[in-house]
Every structure is written in structure tokens, then in C-alpha cells.
Amino acid sequence: MLVPATPPDSTVHVEPSLALPRSFWKDFARKHWDQEPVIFRGLFAAHFPSLEEIFEALRDASDRVLRGELPPMRVMRFYIEHEDGPGGLPYYSMLFSLTREHLPMREDGNAHAYLERVTRYLGGKRFGIVLNRAQCHHWGHWQQMRSFLSGFHEAVGVPLGGAESAVFFGNYRYTPFGIHKDDLHVFYFVVEGKKSINLWPFEALSQRDEVPKDPGTIHRESLIQLRDKADEQQVLSHARLLEGRAGDLMYWPASYWHRAEPSEGLAVSASLGVAFRPPDIGGMSPIEWPGRVRHSELPGAKRWRMPASVRSALQQQSRRKNLLALERERTSEWARLLSAGALQGAAPLANQKPLSPLEWIRTSSTSPLVSVPLPESQVLVAANGHSTALPASAALRNRLEKLVQALNSGKPQQVEALEDAFFSRLTARGFNRRAFQALLNELVSWHAVRRCEPPAPRRR
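Not measured: the values here are computed from a predicted model. (Residues numbered from 1 in each chain as written. Predicted model: local features only at pLDDT ≥ 70, side-chain atom pairs only at ≥ 80, totals over all residues. Heavy atoms only, no water.)

### Quick look at the confidence of the model for the protein
Okay, so step 1: Averaged over every residue, the pLDDT of the protein is 90; the share at 70 or more is 92%.
Okay, so step 2: Segment residues 1-11 is flagged for pLDDT under 50; beyond a separation of four residues in sequence, or across chains, it makes 26 contacts in the model. (pLDDT = per-residue confidence, 0-100. Contact = heavy atoms within 4.5 Å.)

### Observations regarding the side chain of Ser-147
Okay, so step 1: Secondary-structure assignment places Ser-147 in helix H5 (residues 139-156).
Okay, so step 2: Accessibility expressed as a relative area gives 13% for Ser-147, which makes it buried.
Okay, so step 3: In this structure the side chain of Ser-147 is engaged in a polar contact, spanning 2.9 Å, whose partner is the backbone oxygen of Gln-144.
Okay, so step 4: With sequence-adjacent residues up to four places away left out, Ser-147 is seen in contact with Pro-16, Ser-17, Leu-18 and Ala-19. (Helix = DSSP H or I, 4+ residues; strand = E, 2+ residues; numbered from the N terminus. Buried < 20%, exposed > 50% of the residue type's maximum accessible area, 1.4 Å probe, protein only. Polar contact = N/O pair within 3.5 Å; in protein donor to acceptor, adjacent residues only side chain to side chain.)

### Remarks on the sheet that holds strand E3 (residues 76-82)
Okay, so step 1: Read from one edge of the open sheet, 8 strands run E2-E13-E9-E15-E7-E5-E3-E4, paired in antiparallel fashion. Among the strands making up the open sheet, the edge pair consists of strand E2 (38-40) and strand E4 (91-95). Strand-to-strand twist across the sheet, computed as the mean angle between neighbouring axes with direction ignored, equals 20°.
Okay, so step 2: In the sheet, strand E5 (residues 127-131) pairs with strand E7 (residues 163-170) via 4 bridges, with the strands oriented antiparallel. The residue bridging Gly-128 from the neighbouring strand is Gly-170, located in E7.
Okay, so step 3: Sheet contacts for helix H4 (residues 111-121): E3, E5, E7 and strand E9 (185-192); angle to E5, the most-contacted strand, approximately 125°. (Pairing = 2+ DSSP bridges. Axes fitted to C-alpha atoms, helices over the stretch in contact; angles between N-to-C directions.)

### Description of the pairing of strand E10 (residues 194-200)
Okay, so step 1: Taking burial as the measure, the 7 residues of E10 include 6 buried ones, the bulk of the element.
Okay, so step 2: Inspection of the sheet shows E10 paired to strand E12 (residues 240-245) by 6 bridges, in the antiparallel sense. Bridging across to E12, Leu-199 finds its partner in Arg-240.
Okay, so step 3: Bridge count between E10 and strand E14 (residues 257-261): 5 bridges; the pairing is antiparallel. In the strand pairing of E14, Asn-198 is matched with Arg-259.

### Some remarks on the environment of Lys-302
Okay, so step 1: Summarising the element assignment, Lys-302 is placed in the loop between strand E16 (292-293) and helix H8 (308-321).
Okay, so step 2: Taking the C-alpha atoms as reference, Lys-302 lies 6.9 Å from Gln-405; in sequence the two are 103 residues apart.

### With respect to the side chain of Arg-77
Okay, so step 1: Assignment of secondary structure puts Arg-77 in strand E3.
Okay, so step 2: In this structure, Arg-77 is buried with no salt-bridge partner, the nearest side chain bearing the opposite charge being Glu-164 at 7.7 Å.
Okay, so step 3: Only 3.3 Å separates the side chain of Arg-77 from the side chain of Tyr-79, close enough to count as a polar contact.
Okay, so step 4: Setting aside chain neighbours within four positions, we find Arg-77 in contact with Pro-72, Met-94, Gly-128, Ile-129, Val-130, Asn-132 and Phe-177. (Lys, Arg positive; Asp, Glu negative; His and termini not counted. Salt bridge = Lys/Arg side-chain N within 4 Å of Asp/Glu carboxyl O.)

### Quick look at the packing of helix H10 (residues 394-408) against helix H11 (residues 415-423)
Okay, so step 1: Orientation of H10 relative to H11, taken along the N-to-C sense of each, is 150°, at an axis distance of 10 Å. Classified by the angle between their axes, H10 and H11 sit roughly antiparallel to one another. Where H10 crosses over H11, the two elements pack in a sense that is right-handed. Together, Leu-396, Arg-399, Leu-400, Leu-403, Ala-406 and Leu-407 of H10 and Leu-418, Ala-421, Phe-422 and Phe-423 of H11 make up the contact between the two elements.
Okay, so step 2: For the contact of H10 with H11, a count of residues per class yields 9 nonpolar, no polar and 1 charged. (Parallel < 35°, antiparallel > 145°, perpendicular 65-115°, else oblique. Left-handed = near helix turned anticlockwise from the far one by under 90°. Nonpolar A, V, L, I, M, F, W, Y, C, P; charged D, E, K, R; others polar.)

### What about the pairing of E9?
Okay, so step 1: Summarising burial for E9: 7 of the 8 residues are buried, a large majority.
Okay, so step 2: Of the pairings in the sheet, the one linking E9 to strand E15 (residues 267-274) comprises 7 bridges and is antiparallel in character. Residue pairing in the sheet places Phe-189 in a bridge with Ala-270 of E15.
Okay, so step 3: With 4 bridges connecting them, E9 and strand E13 (residues 249-252) associate as antiparallel partners.

### Looking at H5
Okay, so step 1: Counted at 1.5 Å a residue, the expected span for H5 with its 18 residues is 26 Å, and the 25 Å between its end C-alpha atoms agrees.
Okay, so step 2: Its axis deflected by about 30° at Ser-150, H5 carries its strongest bend there.
Okay, so step 3: Within H5, 15 of the 18 residues are buried, leaving the element largely enclosed by the surrounding structure.
Okay, so step 4: Two residues or fewer past H5, Gly-157 is found with a positive phi of approximately 115°. (Expected span 1.5 Å × (residues − 1). Bend = angle between axes of the 7 residues up to and from the residue.)

### Thoughts on the environment of Arg-292
Okay, so step 1: Inspection of the secondary structure puts Arg-292 in strand E16.
Okay, so step 2: Note: C-alpha distance between Arg-292 and His-153 (139 residues apart in sequence) is 9.3 Å.
Okay, so step 3: With residues up to four places along the chain from it excluded, the contact list for Arg-292 reads Val-156, Gly-157, Val-158, Pro-159, Leu-160 and Phe-276.

### Remarks on unusual backbone geometry
Okay, so step 1: You will see that Ala-342, though not glycine, has its phi angle at about 65°, which is positive.
Okay, so step 2: Turning to its location among the elements, Ala-342 is positioned in the loop between helix H9 (324-339) and strand E17 (349-350).
Okay, so step 3: Positive phi is not limited to glycine here, since Glu-376 has a value of about 65°.
Okay, so step 4: A relative accessible area of 53% places Glu-376 in the exposed class.

Right, here's the structure in full:
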């Protein structure tokens with residue numbers, strides 16, 4: 001999950017931002033949020049996800065699947081379309097064992113060459129790939145999704161169920177799993193080709209026999225099982241169709257059923273889902289958890305504390321279990337989630353050479369570092385979904401907090417000067433200069449700290 005290194009002497013640093021004006025989000029929250037589907041055209045002048053970026057993310061995920069680093073059924077799914085389904089409806093089979101013949105390879109060169117190769121290998125059958133947590137496989141895509149969410153968080157709140165980007169790639173005609181609804185509010189970026197989505201409000205299909213009659217179904221995932229072409233036509237007669245092209249953004253609420261409809265050739269999209277369900281953190285009980293926190297409770301440049309609602313729930317959970325280890329583990333998971341701007345997973349690692357003492361570094365204002373005290377004299381340092389726990393006396397914890405504050409100032413800092421200031425009159429044991437250097441290099445690999453030019457000398 002490595003990304004190309006930025007040359008150390010690079011003086012130009014542009015973050016691919018999809019942040020939208022506050023006025024847009026204010027209008028969106030009033031007119032559309034959790035109400036109805038909508039399509040927006042021409043919102044982004046630059047940095048919209050490109051086919052090349054999406055294909056790079058797919059190749060990274062493919063490499064990791066083939067190396068056995070990722071469980072394929074959870075991260076990447078491959079569907080083959082068959083036209084001779086029952087009742088005249090096409091159906092899809094899902095491959096359980098993914099091979100080089102099916103996955104994007106670097107030797108393919110580009111997305112269209114890969115499409116041609118696999119279509120030929122499948123004897124002309126259409127296919128599709130779904131990649132979950134796509135932001136974890138391309139640093140630019142991570143920045144795009146995080147910046148886009150910044151305005152959403154301010155207008156609506158930070159969803160404690162997290163958010164993730166799922167890529168849909170292929171020449172398939174219909175959503176492989178048919179008409180369905182998620183427990184996610186969906187922002188849908190059309191990257192390549194045309195994309196037509198049929199949508200139905202929950203009530204339009206909730207009385208079908210296969211839909212559970214539990215009132216909570218509106219908040220959960222569910223599927224519609226079409227019987228034949230006649231049933232399909234009857235259901236489609238009640239649909240609302242959104243038709244998007246590359247560069248367009250769609251939105252639909254979690255309560256809406258939906259299905260992608262046929263389009264010509266390659267179609268690629270990135271679906272950013274946000275979840276206000278209970279947090280997706282292992283072993284957590286859904287009780288006492290707020291659905292969201294305020295955007296101002298996300299990590300910022302100033303000294304940060306875990307949101308009060310999260311701290312309270314963590315303490316109640318650990319009291320029930322009477323385990324400090326559980327509190328430490330869960331606190332770490334929450335710090336990683338919130339340091340990632342509530343994006344699920346961790347940002348892809350940067351492949352960079354170690355810092356030298358005379359180099360200068362700085363943080364990004366959009367992804368500040370987090371320092372959180374843990375039980376049993378430890379301190380957690382986190383950023384962009386990554387973290388490391390360090391043993392820390394009171395004196396060392398104070399130094400780590402000051403280091404994080406200095407980096408979060410956004411000002412250029414010299415590596416050697418940071419190290420000298422950190423160890424000045426520090427008598428604590430268990431953390432030496434080698435460990436300090438390893439921490440800084442870890443922050444670079446997380447994209448939390450980057451190399452920069454020294455500040456210009458002051459004029460006298």
C-alpha cells in the first residue's frame with residue numbers, strides 16, 4: 001500500500017481538495033440531506049477523481065490481494081454477468097478466488113487495456129469490480145474524500161459510523177447485487193462514462209414480500225428479489241432516474257432503494273458512503289453512543305481532547321468489563337478514526353527515505369497530529385488513521401505533547417532543532433534519540449508530516 005514518494009527538494013505542494021463552499025453545504029442540508037436524491041453538475045473546477053487515479057487504487061488493492069495481505073471478499077469483489085438468468089433477467093456470479101487473469105495488473109498499462117484484456121479472457125461476458133475503502137489505496141483519493149467531507153461535517157455533523165469510498169469499475173449493465181438499499185447516505189462521483197441510477201423511496205418497495213416488516217428496516221441494508229421481467233417493469237415504473245456523466249456528483253439518502261442501469265462501455269464511479277449507525281469498532285455496544293459529534297470536536301491545530309460523548313461511552317464500556325486494556329484498545333481505535341477525519345481505515349503509506357537532521361518538515365492543516373494519554377502510562381500519537389503507542393512518564397508525555405503542538409502549528413521545523421529541543425534536560429528513560437527519529441519517520445510515512453523548504457530569512 002505504498003505510494004510514490006514526493007521528491008525531497010519539491011517546493012510546490014498542492015493538496016487535491018474537493019472542499020465546497022459553506023454556502024453549498026448550508027443549502028444542501030436544508031433542501032436535500034436525508035430528504036431526496038439530487039444530482040449536481042459542474043461543482044468542481046479541479047481535483048475531481050480521475051480514471052488514472054482510480055485505476056492506480058485498483059492496482060494497489062490487486063497487488064495486496066495477490067500477496068495475501070487483504071481478504072478478497074471483504075475488500076475486492078469480482079462479478080461476471082450472465083444473460084440467461086431465470087425469468088429473462090440477467091444475473092451475476094461472484095468469484096471467490098481472484099487471480100492475475102481477473103485483476104488489474106501494472107502490465108495492463110491503463111484501465112481501457114485492462115477492460116479489453118479481461119473481456120477477451122471472459123469470452124465477451126461483461127464484468128464488474130467493487131473495491132471497498134478505496135481511499136486506503138491512493139493518497140490523492142484519500143485527500144479528495146477527506147476534503148470533501150470537511151464541509152459536510154460542519155453542516156451535518158461527523159458520523160461516528162465513519163465514511164468510506166467504494167469504487168465500481170466495469171462494463172456491467174446493472175448493479176450486480178440488484179435493487180437494494182444501504183445503511184449509508186451516498187455521495188456518488190461519476191468518474192468515467194455515463195451512469196444512470198434508478199431510485200425509489202423506502203415506502204415505494206417496503207410492502208414487497210421479501211422486505212422485512214420490521215420498522216427498523218428503513219435504517220438497515222436490504223434487497224429486492226425481482227421475479228421476472230414483468231415484475232421488473234412494474235417496479236421500474238415507480239423509479240426516479242438520475243443520469244450522470246463524468247464530473248457529476250449524485251446524492252441519495254440511506255432510506256432509498258437504488259440500482260445502476262445499463263450504460264455503454266466502461267463506467268467508473270466512486271461512492272462515498274457516510275454512516276450514522278453505531279460505531280464500527282470491534283466489541284463496542286451500540287448503547288450510549290451518539291450518532292455524531294460536532295465538526296469542532298475533530299482534531300485541530302490546538303491541543304485536542306477526545307470528544308466528551310466518546311470519553312463517557314468509553315469509560316462506561318471499560319467499567320463494565322473492568323479492563324484497562326479494553327479502554328486502551330478502544331481509545332486507540334477512536335483516536336485513529338477521528339484523526340482520519342472519520343474516514344474508515346488508514347491512509348496509504350508513503351515510500352520515503354529517512355529524514356536527515358538538516359531537513360525541514362511541516363504538517364498539513366487538514367490532517368493534524370493527535371496526542372492522547374492512554375491508561376498505564378502510555379501516550380498514543382495518531383494521524384490519518386495510523387497510530388503508535390509510546391511508554392511515557394509524566395515528563396516524557398509533556399515533551400510529546402509539545403512536539404505535537406509544534407508540528408501542528410504548520411510552521412516549518414528543522415529536524416535537528418526539534419530533536420535538540422525535545423531532549424533538552426530530559427532525564428526520562430525508555431525513549432532515546434533513535435526512537436525519536438523513528439517516530440518522525442513514521443509520521444512522514446503516514447503523510448502526517450512532509451518535507452518542505454526552510455523559511456525565508458527575515459528582512460532587517
